[in-house]
Amino acid sequence: MDYIWQWNQIWDYRQVFVRGMQVTVILTCWALLIGLALGLLLGLMRSSRLMVLRIPAAVYIDIFRATPILVQLVWIYYALPILSGVQMGNIASASVGIGLHAAAYIAEIFRAGIASIDRGQSDAAKSLGMGYGQAMRRIILPQAIRRMVPPFINEFATLMKLTTLGSVLAVNELLHEAENLINNTYRPLETYTVVAVLFGLMIYPFIWLSQRLEQRWKARG
Amino acid sequence: MSDAPIIRVQGLHKSFGKLEVLRGLSFEVKRGEVLAIIGPSGSGKSTLLRCLNFLEEYQAGEVRFDDELVGYRRTAAGKLKLDSENTVRRIRARMGMVFQSFNLFPHKTVLENVMEGPLVVQRVSRNEAELRGRTLLQRVGLIDKIGAYPPQLSGGQQQRAAIARALAMQPDAMLFDEPTSALDPELVGEVLEVMQSLAAEGMTMVVVTHEMGFARQVADRVMVMDRGEIIELAPPAQVFGAPESPRTAEFLRRVLH
Ligand SMILES: Nc1ncnc2c1ncn2[C@@H]1O[C@H](COP(=O)(O)OP(=O)(O)OP(=O)(O)O)[C@@H](O)[C@H]1O
Ligand SMILES: [Mg+2]
């Protein structure tokens with residue numbers, strides 16, 4: 001154990017980490033937005049009584065869960081422009097790719113959350129004369145969302161870590177910036193340590209929040 | 001006009017897959033009448049009640065509420081088609097339903113539970129909804145629990161709140177599915193009292209119950225169901241005193257020991 005840690009060089013390059021973190025956050029936000037919107041839609045479709053809605057949602061969810069995200073990303077970046085003529089930038093491709101992938105998992109969180117609410121709740125809502133949308137919005141979702149928070153935060157953490165795959169599309173997120181830096185400094189150990197700590201610092205507050213919320217809701221019953 | 005039955009069921013058939021649960025029931029409920037439904041477990045009592053406000057679809061026969069077909073409409077060719085959600089909702093809003101497991105909304109206070117239907121379905125003003133809510137909660141003896149959440153209440157209190165929630169829609173009829181079966185014995189009385197006062201006011205009620213005392217004293221008629229059929233439908237004195245069917249006699253012997 002005679003490795004000599006050298007941090008001063010890393011400190012000199014701190015701007016590189018800040019830049020990388022900014023891109024990581026942007027990527028996370030876009031992917032999350034896409035994942036949430038599409039995930040909610042897919043989750044509702046998946047819970048529907050109508051086959052025309054249920055089947056396509058199930059197919060989408062299964063395909064995205066059964067194939068590697070790396071392949072999905074590369075496919076969206078290289079194959080989509082050829083097939084559709086739409087050429088997206090690196091960050092946009094990565095956001096969309098990670099967002100589409102996360103949507104499949106978020107859809108399952110929504111579906112399971114909705115399914116976990118006792119049927120008596122929707123019976124009661126319907127017997128008052130509420131429609132499907134009203135019952136969902138006012139009775140089912142508010143209760144289901146509490147149960148979704150822990151798995152959702154979990155998925156959020158996963159998603160933020162998945163943004164490192166943006167590096168294969170040459171997106172300058174935190175990991176990619178760090179790898180470029182290593183080529184100049186030859187300090188991989190220090191650099192990767194900093195990357196790990198930074199990710200931990202970005203993700204941990206959410207895990208903490210989720211635990212607090214869970215405790216509070218449990219206390220009120 | 002007011003003599004016409006408010007609920008009219010004709011040849012009602014209902015199956016879950018291959019399992020035939022209701023095998024052609026026909027009966028009527030008059031305005032202001034209290035009909036008690038009794039019968040062994042699994043005989044289809046809950047399913048029948050749920051068909052009345054179309055929480056369950058049925059495969060054959062008719063359910064009519066105030067002369068209107070429930071859940072289906074007749075096409076020009078005379079075939080039955082599922083009715084639009086809006087029509088079904090409008091009919092449901094006129095029938096209150098009370099469940100064995102209360103099914104209050106746990107994320108809303110007692111008062112919010114009672115205001116929910118008037119506010120969201122009937123779109124009355126907040127003031128009007130709150131006035132109705134307070135009046136009804138006063139009536140069922142829960143005025144001091146207005147701000148409580150359902151999990152903080154006893155079973156008897158929850159069921160009284162659930163009755164108030166259904167009444168807030170000012171329904172033309174009330175459906176009760178074993179409203180006291182989930183309660184500790186000492187809490188049954190307070191719920192039955194509320195129901196009895198409703199009956200005395202002339203509310204039309206269909207009550208699935210295991211409380212033979214209630215069926216005997218409050219009901220105008222008692223329906224006995226067995227294996228998806230009506231085996232007896234008569235005033236309580238006749239059902240309990242001189243049942244026509246040996247299956248009724250057998251059932252009553254078992255529940256009354
Ligand atoms: N959603 C459902 N899917 C399949 N079978 C069902 C469903 N609901 C009820 N059943 C079946 O239908 C039959 C009648 O059930 P129902 O609940 O109407 O009986 P019940 O008379 O209310 O009994 P209990 O006194 O136990 O409440 C039973 O055999 C039951 O298993
Ligand atoms: Mg039942």
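Nothing here was measured: the structure is a model prediction, and the numbers come from that model. (Residues numbered from 1 in each chain as written. Chains lettered and ligands numbered in written order. Predicted model: local features only at pLDDT ≥ 70, side-chain atom pairs only at ≥ 80, totals over all residues. Heavy atoms only, no water.)

Undergrad: How should I be thinking about the overall build of chain A in this particular structure?
TA: Helix and strand counts for chain A stand at nine helices and zero strands. N-terminal to C-terminal, the α/β element order of chain A is α-α-α-α-α-α-α-α-α. When the backbone C-alpha atoms are referred to their principal axes, chain A occupies close to 70 × 50 × 25 Å. Burial statistics for chain A: of 221 residues in total, 44% are counted as buried. In chain A, 75% of the contacts between residues at least 6 apart in sequence involve partners at least 24 apart. (Helix = DSSP H or I, 4+ residues; strand = E, 2+ residues; numbered from the N terminus. Buried < 20%, exposed > 50% of the residue type's maximum accessible area, 1.4 Å probe, protein only. Contact = heavy atoms within 4.5 Å.)

Undergrad: Got a minute to help me understand the pairing of strand 11 (residues 221-226) of chain B in this structure?
TA: Note on strand geometry: in a regular strand, side chains alternate between the two faces of the sheet. Residues and elements named next belong to chain B. Among the six residues of strand 11, six are classified as buried, and the element is accordingly described as predominantly covered. By the alternation rule, side chains of strand 11 split into R221, M223 and M225 and V222, V224 and D226, which are all buried. Relative to strand 11, strand 3 (residues 34-38) is paired through four bridges, and the arrangement is parallel. Within strand 11, the residue paired with L35 across the bridge is R221. Pairing of strand 11 with strand 12 (residues 229-234) involves five bridges; the strand directions are antiparallel. (Pairing = 2+ DSSP bridges.)

Undergrad: Please explain the layout of surface pockets as it appears in this structure.
TA: Once rolled over the atoms, a probe with the size of a water molecule shows which space is left empty. Space inside the largest pocket adds up to approximately 1200 Å³. As for the largest pocket, its lining consists of 35 residues, of which R49(A), S122(A), K126(A), Y132(A) and E85(B) are closest to the centre. When residues of the lining of the largest pocket are traced back to their parent elements, those giving at least two are helix 2 (14-46), helix 5 (90-115), helix 6 (119-127) and helix 7 (132-162) of chain A together with helix 2 (85-92) of chain B. Taken together, the residues of the lining of the largest pocket break down into 17 nonpolar, five polar and 13 charged. (1 Å grid on protein atoms, 1.4 Å probe; cavity = no way out; pocket = protein on both sides within 12 Å on 5 of 7 lines; lining within 4 Å. Points joined across faces, edges and corners; volume = space filled by probe spheres on them. Nonpolar A, V, L, I, M, F, W, Y, C, P; charged D, E, K, R; others polar.)

Undergrad: Even after reading the chapter, I still don't get the site of ligand 1, so can you show me in this structure?
TA: All names here are of chain B. The full set of residues close to ligand 1 is F16, L19, V21, P40, S41, G42, S43, G44, K45, S46, T47 and E178. Contact distances for ligand 1 include 3.2 Å between an oxygen atom and a backbone N or O atom of S43. Within the side chain of T47, an N or O atom sits 2.5 Å from an oxygen atom of ligand 1. In isolation ligand 1 has 630 Å² of accessible area, and contact with the protein removes 62% of it. The biggest single contributor to the shell around ligand 1 is helix 1 (residues 45-52), with three residues. Among the residues making up the shell around ligand 1, the classes are represented as four nonpolar, six polar and two charged. (Near = heavy atom within 4 Å. Polar contact = N/O pair within 3.5 Å; in protein donor to acceptor, adjacent residues only side chain to side chain. Areas by Shrake-Rupley, 256 points an atom, 1.4 Å probe, with all protein chains shown as cover.)

Undergrad: Any chance you could explain the environment of L44(A) here in plain terms?
TA: Residue and element names in this part refer to chain A. If you trace the backbone, L44 turns up in helix 2. Taking relative accessible area as the criterion, L44 reaches 27% and is therefore assigned partly exposed. Counting along the chain gives 50 residues from L44 to A94, while the straight-line C-alpha distance between them is 25 Å. Contacts of L44, omitting those with residues within four sequence positions, involve I114, Y132 and M136.

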